[in-house]
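Each chain is listed here by its residues.
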Amino acid sequence: GIGVTITAINSGLLVTKVNRGSSAYDAGIKTNDLIVSANGTSIVGMPLEKARTYIVGEAGTFVTVGVMRDGEYMEFYTERRPVTIEPGSYQIVDGSVGYIYLQEFDGGAEELITHALDSFDAAGITDIIFDLRSNPGGSVNVFRNICQRIIPEGPVIHFEYKNPLKNVTLYSECKNPKYSLIVLANENSASAAEAFCGAVQDSGVGIVVGTKTYGKGTMQNLTDFKAGGGVKL
């Protein structure tokens, strides 16, 4: 593949995420681009799985992806590569500031944050830039567990239901917070990423810098069926 997450709409395939280090990222494809063709074949109106077959292929081959961006048509010549989904990355900047890029609150996110903070602790670093730009969110449990290392003891998120008796608050139990944060966010930072921004602001451990976030104030519940499949509410 070329390393993008897509969703089918009537006018093409909407790019909802571009994996860093992927061929799409290297070529310049961006989140919210609308893919309308592949190697000259229009995929507008095609079912998702059929349209996808025009983009994926043997590793090492190339595909020219036609994209609409802000009303302008452009093409990107991209190599098909094995796609590895990494939760993010981290590094030490100028020997004194920790930088964490988190792609989503899911998968290996907890392990990444643990490795990053342990590395920063060993270097005596307490000032951290937390990059949540275009982070779509993820698991509530992953979000809460990450907060345990960063957010001071107290509430980190409230869930309100139609029946007030079902309302619940999740808490951090971090008694000795040691980090000062700058959180980077943009218009595609959503869900758990927004909750993290709110927890950082409300707890006073840092500030949020960037543009207005996505505005997703809802949570998904997944219920599995014993016979297979499930329902997402």
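Only a predicted model underlies this, so the values are computations on that prediction, with no experimental measurement involved.

Rules behind the numbers
Residues numbered from 1 in each chain as written. Predicted model: local features only at pLDDT ≥ 70, side-chain atom pairs only at ≥ 80, totals over all residues. Heavy atoms only, no water. Helix = DSSP H or I, 4+ residues; strand = E, 2+ residues; numbered from the N terminus. Contact = heavy atoms within 4.5 Å. Areas by Shrake-Rupley, 256 points an atom, 1.4 Å probe, with all protein chains shown as cover. Lys, Arg positive; Asp, Glu negative; His and termini not counted. Charge placed at Lys NZ, Arg CZ, Asp CG, Glu CD. Pairing = 2+ DSSP bridges. Axes fitted to C-alpha atoms, helices over the stretch in contact; angles between N-to-C directions. Buried < 20%, exposed > 50% of the residue type's maximum accessible area, 1.4 Å probe, protein only. Core = buried A, V, L, I, M, F, W, Y, C linked by side-chain atoms within 4.5 Å. Arc of directions from axis to C-beta. Polar contact = N/O pair within 3.5 Å; in protein donor to acceptor, adjacent residues only side chain to side chain.

**Observations regarding the overall build of the chain**
Next up, step 1: The helix and strand tally for the chain stands at 5 helices and 15 strands.
Next up, step 2: Across the chain, contacts joining residues at least 24 apart in sequence account for 57% of those joining residues at least 6 apart.
Next up, step 3: Carbon and sulfur atoms make up 51% of the accessible area of the chain, which totals about 12,900 Å².
Next up, step 4: Across the chain, the centroid of the 19 positively charged side chains sits 6 Å from that of the 25 negatively charged ones.

**Some thoughts on the sheet that holds strand β8 (residues 97–102)**
Next up, step 1: If you trace the 5 strands from one edge of the open sheet to the other, you get β7-β8-β9-β12-β13, paired in mixed fashion. Bordering the open sheet on either side are β7 (88–93) and β13 (206–210), each of which pairs with just one other strand. Across the sheet, the mean angle separating the axes of adjacent strands is 20° when strand polarity is ignored.
Next up, step 2: Examined bridge by bridge, strand β12 (residues 180–185) and β13 share 5 bridges and lie parallel to one another. Counterpart to L181 in the pairing with β13 is G206.

**Here's the deal with unusual backbone geometry**
Next up, step 1: Even without glycine at this site, D70 takes up a positive phi of about 55°.
Next up, step 2: According to the relative accessible area criterion, D70 is exposed, its value standing at 82%.

**Quick word on the nonpolar core**
Next up, step 1: In this structure, F105, F130 and F196 are the most contacted members of the largest nonpolar core, which totals 35 residues.
Next up, step 2: In terms of residue count, helix α5 (residues 192–203) provides more of this core than any other element does, 7 residues in total.
Next up, step 3: Apart from the residues lying within four places of it in its own chain, the contact partners of F130 are I100, L102, I113, I150, I182, V183, L184 and F196.
Next up, step 4: Membership of the second largest hydrophobic core comes to 17 residues, among which are I2, M46, I55 and V63.

**As for helix α4 (residues 140–150)**
Next up, step 1: Inspection of α4 places V142, F143, I146, C147 and I150 among the buried residues, and these make up the whole buried set. Down the axis of α4, the smallest arc covering the buried residues is 135°, so these residues share one side.
Next up, step 2: Two or three places before N141, at the opening of α4, S139 has a side-chain oxygen 3.1 Å from that residue's backbone nitrogen.

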